[in-house]
Amino acid sequence: MSDKFNVNDKVIVITGKDKGKKGIIKRKKNNKVIIENINLNFKNIKSYPNKNIIGGIIKIESWIDISNISHFYIDNKNKLFFSKVGFKYIEKKKVRYLKRNNSLVYKK
C-alpha cells in the first residue's frame with residue numbers, strides 16, 4: 001500500500017500540545033514523522049573544545065505519530081478544512097488526492 005504522508009507534504013497537527021500548528025514533513029520513519037518547528041524539545045550538548053563544538057542547551061524536533069497529523073486545505077473563503085487522502089489512477093499513474101474536495105496532493 002502506498003503512503004498517505006510523504007516528505008515535503010503540508011500537514012497540520014490535530015492533537016497534542018502543538019494542536020493547530022501547520023508545517024512541512026522533513027523526515028519519515030515507519031509510522032512517525034518530523035515536522036519542521038513542531039514538537040520542539042530541549043537537548044543538552046556537551047562542549048568539545050578540540051572539535052570547536054560549543055556546549056549548551058539546544059532545541060530539536062521530535063517524532064510525531066502519523067495518527068496525530070492530517071492533510072489540510074484552505075477554501076476560497078479562507079476557511080481551513082482537514083481531509084483524508086485517497087488514491088486513484090490518472091493516465092495509468094497512481095496519485096494521491098484529498099477526499100473532501102477531490103484536489104490532488106502536491107508536494108510543497
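Note: the structure precedes this text.
To start, this report covers the structure provided alongside it. Since the structure is predicted, the reported quantities are computational estimates derived from the model, not experimental observations.

## Here's the deal with the side chain of S83
1) Next: Looking at where S83 falls in the secondary structure, it is placed in strand β8 (residues 80–83).
2) Next: With relative accessibility at 7%, the residue S83 sits in the buried group.
3) Next: One polar contact links the side chain of S83 to the main-chain amide nitrogen of R100, over a distance of 3.2 Å.
4) Next: If we skip the residues at most four places from it in the chain, S83 touches S70, H71, Y73, L98, K99 and R100.

## What to know about the nonpolar core
1) Next: If you look at the biggest cluster of nonpolar residues, it comprises nine residues: F5, V11, V13, I25, V33, I35, I38, I64 and I69.
2) Next: Apart from residues no more than four positions distant in its own chain, F5 is found in contact with V11, I25, K28, I66, I69, S70, H71 and R96.

## Description of the layout of surface pockets
1) Next: Size it by volume and the largest pocket reaches roughly 220 Å³.
2) Next: Taken together, 14 residues form the lining of the largest pocket, with K4, F5, I66, I69 and H71 sitting closest to its centre.
3) Next: The biggest single contributor to the lining of the largest pocket is strand β7 (residues 69–74), with three residues.
4) Next: For the lining of the largest pocket, the class distribution of residues is five nonpolar, five polar and four charged.

## A word on the environment of F81
1) Next: The topology assignment puts F81 in strand β8.
2) Next: Taking relative accessible area as the criterion, F81 reaches 16% and is therefore assigned buried.
3) Next: For the pair formed by F81 and N101, sequence separation is 20 residues and the distance between their alpha carbons is 9.7 Å.
4) Next: Not counting chain neighbours up to four residues away, the residues in contact with F81 comprise H71, F72, Y73, D75 and R100.

## Things to note about the pairing of strand β9 (residues 85–90)
1) Next: Strand direction decides the pairing type here: β9 and strand β10 (residues 93–98), joined by six bridges, are antiparallel. Note that in β10 the partner of G86 across the bridge is Y97.
2) Next: What sits between the antiparallel neighbours β9 and β10 is a turn of two residues, in which E91 has the positive phi angle 55°.

## What about the side chain of H71?
1) Next: Residue position: H71 is located in strand β7.
2) Next: Side chain to side chain, H71 and D9 meet in a polar contact 3.4 Å long.

So, how was this worked out
- Residues numbered from 1 in each chain as written.
- Predicted model: local features only at pLDDT ≥ 70, side-chain atom pairs only at ≥ 80, totals over all residues.
- Heavy atoms only, no water.
- Helix = DSSP H or I, 4+ residues; strand = E, 2+ residues; numbered from the N terminus.
- Buried < 20%, exposed > 50% of the residue type's maximum accessible area, 1.4 Å probe, protein only.
- Polar contact = N/O pair within 3.5 Å; in protein donor to acceptor, adjacent residues only side chain to side chain.
- Contact = heavy atoms within 4.5 Å.
- Core = buried A, V, L, I, M, F, W, Y, C linked by side-chain atoms within 4.5 Å.
- 1 Å grid on protein atoms, 1.4 Å probe; cavity = no way out; pocket = protein on both sides within 12 Å on 5 of 7 lines; lining within 4 Å.
- Points joined across faces, edges and corners; volume = space filled by probe spheres on them.
- Nonpolar A, V, L, I, M, F, W, Y, C, P; charged D, E, K, R; others polar.
- Pairing = 2+ DSSP bridges.

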